[in-house]
Amino acid sequence: MPKKPRKKAVTRLELQEARAEQVLHAASRVFCQYGYDGGSLDKIAKEMGSTKTLVLRYYGSKDKLGDAVIRRMMDDMVAALRGALSRPEAGLAAVLDQVFEYFRDHRGEIRYIVSVVSTPSLEGFGRGMIDRYFFDENHALHDVFTGEIGAEALDSLLYTYY
């Protein structure tokens, strides 16, 4: 009788990373639904069917978790923008369609980011995070808008379109 293939053993680190990812996804859903102020650690724990203690074990505080949620959302947005700008030969209309499709498909995340940036009580938290993404020369989004990536792609798009 043939032997069944062994399942790959899951390491402790892989389990911890998967759990941290679950916390991040639950926090993202809760913050998008209730906003940062209304998205309590208790609601996040309930969303993932766990405890507040477990949420804190992985991120330490609501601020650190909120920071991780925005960082993930911004990284996803950067990837979408890079993808859109990587095909300037498609033309400006196609690139804008791709960008707007991303915004349409991620309304909740975009709304959450805008609310964090525009909430006076979160000014330091939200604006500091956004400033790092848009204006920090070491960050990918800065490259998309001001560096070689963005400049070449936009020049090519505009030249092709006009």
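Residues numbered from 1 in each chain as written. Predicted model: local features only at pLDDT ≥ 70, side-chain atom pairs only at ≥ 80, totals over all residues. Heavy atoms only, no water.

Colleague: What exactly am I supposed to notice about the overall build of the chain here?
Modeller: Within the chain, the secondary structure is distributed over nine helices and zero strands. For the chain, the sequential pattern of α-helices and β-strands runs α-α-α-α-α-α-α-α-α. At a minimum sequence separation of 6, the contacts of the chain that also span at least 24 residues come to 62%. Carbon and sulfur atoms make up 54% of the accessible area of the chain, which totals about 10,600 Å². (Helix = DSSP H or I, 4+ residues; strand = E, 2+ residues; numbered from the N terminus. Contact = heavy atoms within 4.5 Å. Areas by Shrake-Rupley, 256 points an atom, 1.4 Å probe, with all protein chains shown as cover.)

Colleague: Can you walk me through the packing of aromatic side chains in this structure?
Modeller: The description of an aromatic ring pair rests on the distance of the ring centres and on the angle between the ring planes. Counted by the stated rule, this structure contains three aromatic pairs. Between the aromatic rings of Phe-31 and Tyr-36, the centroid separation amounts to 5.4 Å while the plane-to-plane angle is 40 degrees, which identifies the pairing as tilted. You can call Phe-31 buried: its relative accessible area is 1%. A relative accessible area of 6% places Tyr-36 in the buried class. (Phe/Tyr/Trp six-rings, centres within 6.5 Å; stacked < 30°, edge-to-face > 60°. Buried < 20%, exposed > 50% of the residue type's maximum accessible area, 1.4 Å probe, protein only.)

Colleague: I would appreciate a short explanation of the nonpolar core in the present structure.
Modeller: Generally speaking, nonpolar side chains in soluble globular proteins are found buried as a group. Counting 31 residues, the largest nonpolar core has Ile-44, Val-55, Leu-65, Val-69 and Tyr-112 as its most contacted members. Of all elements in the fold, only helix H1 (12-38), helix H2 (41-47), helix H3 (52-59), helix H4 (62-85), helix H5 (92-105) and helix H6 (107-118) reach the threshold of two or more residues within this core. Among the elements that line this core, the one with the most residues is H4, at ten residues. Look past the residues within four positions of Ile-44 in its chain and what remains in contact with it is Val-23, Ala-26, Ala-27, Val-30, Phe-31, Gly-39, Val-55 and Leu-65. (Core = buried A, V, L, I, M, F, W, Y, C linked by side-chain atoms within 4.5 Å.)

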